[in-house]
Amino acid sequence: MNKQIIYFPKDGKPTLIINKWQVWDGERDAGGIPNLDHELHKVLVPFHWWITHHKNSDIIDRANKGEVGVWFAADDDILKHADIIEEGKNRWPVIAAHFPIFRDGRSFSTAALLRERFAWTGEVRAIGDVLIDQLLKGARVGFDAFELRPDQKLDIGLKQFDLISVTTQNSWRDQRATTVAQLVDR
Amino acid sequence: MYKYDHIDQTLVDQRVIQFRDQVERRLNGTIAEEEFRPLRLQNGLYHQRHAYMLRVAIPYGLLSAKQLRTLAFIADKYDRGYAHFTTRQNIQFNWVELEQTPDILAELAKVEMHAIQTSGNCIRNITSDAFAGVAADEYIDPRPICELLRQWSTLHPEFAHLPRKFKFAINGAKEDRTVLLCHDVGIELKKDPNINNGELTADIYAGGGMGRTPILGSLIKQGLPWQVLPSYLTALLRVYNRFGRRDNLYKARIKILVKSLGPEEFARQVEGEWAYLHNEAKQSKDNFTKYEWERVAKHFTKPAYQQLNTMSDEAIPAAATEAERGAFTRWLKRNVKSHQVPGYASVILSLKPHGTVAPGDATSAQMNAIADLADQYSFGELRVTHEQNLVLADVEQSKLLELWQAAKQQHVALPNIGLLTDIIACPGGDFCSLANAKSLPIAKAIQERFDDLDYLFDLGDISLNISGCINSCGHHHVGNIGVLGVDKDGEEWYQITLGGEQGNDASIGKVIGPSFYANEIPDVMTSLINVYVEQRTTDEPFIETYRRLGVSPFKEAAYKNNGKHSKGALA
Ligand code: HEM
Ligand code: SF4
């Protein structure tokens, strides 16, 4: 896992912060969430795993301590599980959406749905094959944290967000400039 | 013509900087080629057989003389002195260097042009009627909607990595000149007093496309108020982005999703998503506003037309000398279209002179000269057609003769518009790395075979479209006669389809049988045409004769020499 992630809150500036969450793939789950290394207790579990295990008492325990979040796979149909997500809103400090490969854009729509439809206000983290050139798009659809693929250069990543300062469609962060102009003009 | 304001200009300027940085990172090795590929494609940069190719957007086909001069300049400075106008209202430079593309983009940005989303798995350049705003059969000028949607789709963050490319076409005339039903989304604009208080509405067709599975789009929504297009199209694309197949390149287009779900179910899913997006709270934010409409529509007002009288069909050719009159009349018939405003006409400049290199090619000298013609005769504006020709939309009828004479000097006055030699063809094996066969030599051989203008004229409207592979860039499926390059055991063969049609009666052609060698194609064409000439009734166009007779007589004729040819390419 990456020691640092890019954090870009909606009304803030992009910065590097320490990564406190470990992404677990849901494998080797004989005894629930395994003991993870790095003394990190905070774990992002696969959403499908959460669906089957979230009633277990040990999971509830750890979730109550704020140690469990979920990540959505690109092919998770999150609208099908709206009730579980609604319930999860009070439990998960962080959620993530996964890019199996950088050119698979499904998680862009997942993030947009989480923000628009589920009104999720906490962190939405991009994980998986996240490359520098996805950051700007991700930030606009609803991601506010990015765990870049380990080979990516964080300093170059940090500079991506203000490359394009105008927008011609609404996004999670801002109203399109073509309507904002109205306020300026009139 | 639309003029960028500071928002558009800032966006394209910053885009140049962004792409320059991406190219630099590619060149210094910090981006791998595989990862750079979608980035460059979203900027129209392909890697072709021999070199990089840059595809530049000409949104809804509209171009200023100044822009055309810049394209000519780019062709000279960064390419080999020519460029290629495509079926989707783009222009392609075939021989550019990766290192120089940021500079080319900077040149383009100076004249309000770009290459954003001309390729890649995103919303592509939006196409429309080349005669928008002037066509006599137009009921709505589609250009403000085209422009609003151009802006909406430009660098759209959610739809930057769709399962496949995504193409919009928009029509507002009685006759469809956009091949509406062959697009991922076709938007038909309407003004019906019974819908939305007579305000502009849109009918939405989804799931059309060509390629290896040609399908015509299905109507999925009627009477959508224009203001809600952003939320409706967001819903539509979101359904596609989430559920379009990504496991198989050939099944990833929206047409496959629409087909597998059925248009009703697809429409229902879009409706479900839209119902959510289209609630009152959001509506106020997402809908196109009157202000935005005014912001763009003010650029699509009519140019400063003179008060003129319509000239009669006899009066126009009367100005020509007797020696010129025949040829001029022919050009008037084929290359000049009627106009909304009395005393004006629209002129099509043919980029298909017989025997040239490629349909749709123009040299930089031609581009500069045509730009001058646009300034002189058509308010400094031009259009690019789906058939790969250029249009001067606003020409005074009394100046047609002068213009014809000037166009002849540039070899763009051939009166073959809509005729057999007005061939749509993709670059094929000469340039394209995906090709199974060459298409340009086939086009050239057919033009050489049918070089007699009197004969062509007598044959009347026939569309002939050629693609070098099943990707169908040459739109062979919708040609009355289609030619498709196929590969058999490493050899180039050509398959013929008949009965395709674009326009209001759009249809997909049918394969007539086994494929042919390249050198057989001119004879096959002659045989097909002979059947038509023998069987037609008075004034019956080729496609009607074909529909009346069916494929059999044509098929028989095409194969009558079968086996008598030795295999071979064209000389
Ligand atoms: C570098 C050269 C080119 C490459 C690599 C290329 C690539 C492709 C590919 C892969 C497809 C298949 C899409 C599918 O399966 O749905 C396609 C379709 C198409 N291309 Fe090209 N193309 C090239 C040049 C052109 C040119 C020059 C034109 C116009 C003259 C063009 C216009 C089109 C059109 C209209 C389609 C049909 C799309 C549809 O409706 O399904 N392309 N191209
Ligand atoms: S049809 Fe095939 S050969 Fe022709 S341009 Fe398209 S991809 Fe290339």
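Up top you'll find the structure we're talking about.
Residues numbered from 1 in each chain as written. Chains lettered and ligands numbered in written order. Predicted model: local features only at pLDDT ≥ 70, side-chain atom pairs only at ≥ 80, totals over all residues. Heavy atoms only, no water.

A. Examining the packing of helix α6 (residues 229–243) of chain B against helix α8 (residues 263–277) of chain B more closely. All names here are of chain B. Closest axis-to-axis distance for the α6/α8 pair is 8 Å, and the angle between their directions is 125 degrees. Comparing the axis directions of α6 and α8 gives the class oblique. Considering the relative orientation of α6 and α8, their crossing is right-handed. Side by side, α6 and α8 meet where S231, Y232, T234, A235, L236, R238, V239 and F243 of the first sit next to F266, Q269, V270, E271, E273, W274 and L277 of the second. In terms of residue class, the contact of α6 with α8 is made up of nine nonpolar, three polar and three charged. (Axes fitted to C-alpha atoms, helices over the stretch in contact; angles between N-to-C directions. Helix = DSSP H or I, 4+ residues; strand = E, 2+ residues; numbered from the N terminus. Parallel < 35°, antiparallel > 145°, perpendicular 65-115°, else oblique. Left-handed = near helix turned anticlockwise from the far one by under 90°. Contact = heavy atoms within 4.5 Å. Nonpolar A, V, L, I, M, F, W, Y, C, P; charged D, E, K, R; others polar.)

B. How the structure looks around helix α4 (residues 106–116) of chain A. The element α4 of chain A is extensively covered by neighbouring structure, given that ten of its eleven residues are classed as buried. Within α4 of chain A, the full set of buried residues consists of R106, S107, F108, S109, T110, A111, A112, L113, L114 and R115 of chain A. (Buried < 20%, exposed > 50% of the residue type's maximum accessible area, 1.4 Å probe, protein only.)

C. Examining helix α18 (residues 542–549) of chain B more closely. All names here are of chain B. Of all the residues in α18, the buried ones are F542, I543, T545 and Y546. Taken end-on, α18 shows its buried residues confined to a sector of 160 degrees, consistent with a single buried face. Buried positions along α18 lie against β18 (481–488), β19 (491–498), β20 (510–511), α17 (521–535) and α19 (552–558). Immediately downstream of α18, the backbone of G550 shows phi near 80 degrees, a positive value. (Arc of directions from axis to C-beta.)

D. Layout of the site of ligand 1. Residue and element names in this part refer to chain B. In the vicinity of ligand 1 lie 25 residues, with K165, K167, M210, R253 and C473 positioned nearest. Between ligand 1 and R164, the relevant distance is 3.5 Å, taken from an oxygen atom to a side-chain nitrogen or oxygen of the residue. The contact in question runs from an oxygen atom of ligand 1 to an N or O atom on the backbone of C182, over 3.4 Å. Looking at the shell around ligand 1, its residues break down into eight nonpolar, eleven polar and six charged. (Near = heavy atom within 4 Å. Polar contact = N/O pair within 3.5 Å; in protein donor to acceptor, adjacent residues only side chain to side chain.)

E. Examining the packing of aromatic side chains more closely. All told, the structure shown has 31 aromatic pairs over all chains when counted by the stated rule. Each ring, one from F143 of chain A and one from F146 of chain A, has its centre 6.2 Å from the other, and the planes form 50 degrees; the classification is tilted. Residue F143 of chain A shares its accessibility class with F146 of chain A, and that shared class is buried. Ring centres of W95 of chain B and F431 of chain B lie 5.8 Å apart, and the angle between their planes is 70 degrees; on these two criteria the pair is classed as edge-to-face. A residue pair is termed long-range when its members are at least 10 positions apart, and W95 of chain B in strand β5 (residues 90–96) and F431 of chain B in the loop between β16 (424–425) and α15 (440–449) qualify at 336 residues. Ring pairing ties together the aromatic residues F8, F99, F108, F143, F146 and F161 of chain A, which thus form one cluster. Stacked on the ring of W404 of chain B, the Lys or Arg K408 of chain B has its end atom at 3.7 Å from the ring centre. (Phe/Tyr/Trp six-rings, centres within 6.5 Å; stacked < 30°, edge-to-face > 60°. Lys NZ or Arg CZ within 6 Å of the ring centre and 35° of its normal.)

F. Looking closely at the coordination of the iron atom of ligand 1. For the iron atom of ligand 1, the protein supplies a single donor, C473 of chain B (SG), at a distance of 2.0 Å. Within the element layout of this structure, C473 of chain B appears in the loop between β17 (464–467) and β18. (Donors = N, O, S within 2.8 Å, 3.2 Å for Na, K, Ca; no water.)

G. How the structure looks around the side chain of H54 of chain A. All names here are of chain A. Secondary-structure assignment places H54 in the loop between α1 (47–53) and α2 (57–64). For H54, the side chain forms a polar contact with the main-chain oxygen of I51, separated by 3.2 Å. If sequence neighbours within four positions are ignored, H54 has contacts with I59, I60 and E87.

H. Summary view of the pattern of salt bridges. Enumeration according to the criterion identifies 48 salt bridges over all chains in this entry. Residue R149 of chain A is joined to D129 of chain A by a salt bridge in which the shortest nitrogen-to-oxygen separation is 2.9 Å. With R149 of chain A in the loop between β8 (145–146) and α6 (154–158) and D129 of chain A in the loop between β7 (123–128) and α5 (135–141), this residue pair connects regions lying 20 residues apart in the sequence. The buried category is assigned to D129 of chain A, whose relative accessible area is 12%. One salt bridge in this structure joins R245 of chain B and D247 of chain B, with 2.7 Å as the shortest N-O distance. (Salt bridge = Lys/Arg side-chain N within 4 Å of Asp/Glu carboxyl O.)

Just geometry here; none of it tells us what the structure is for.
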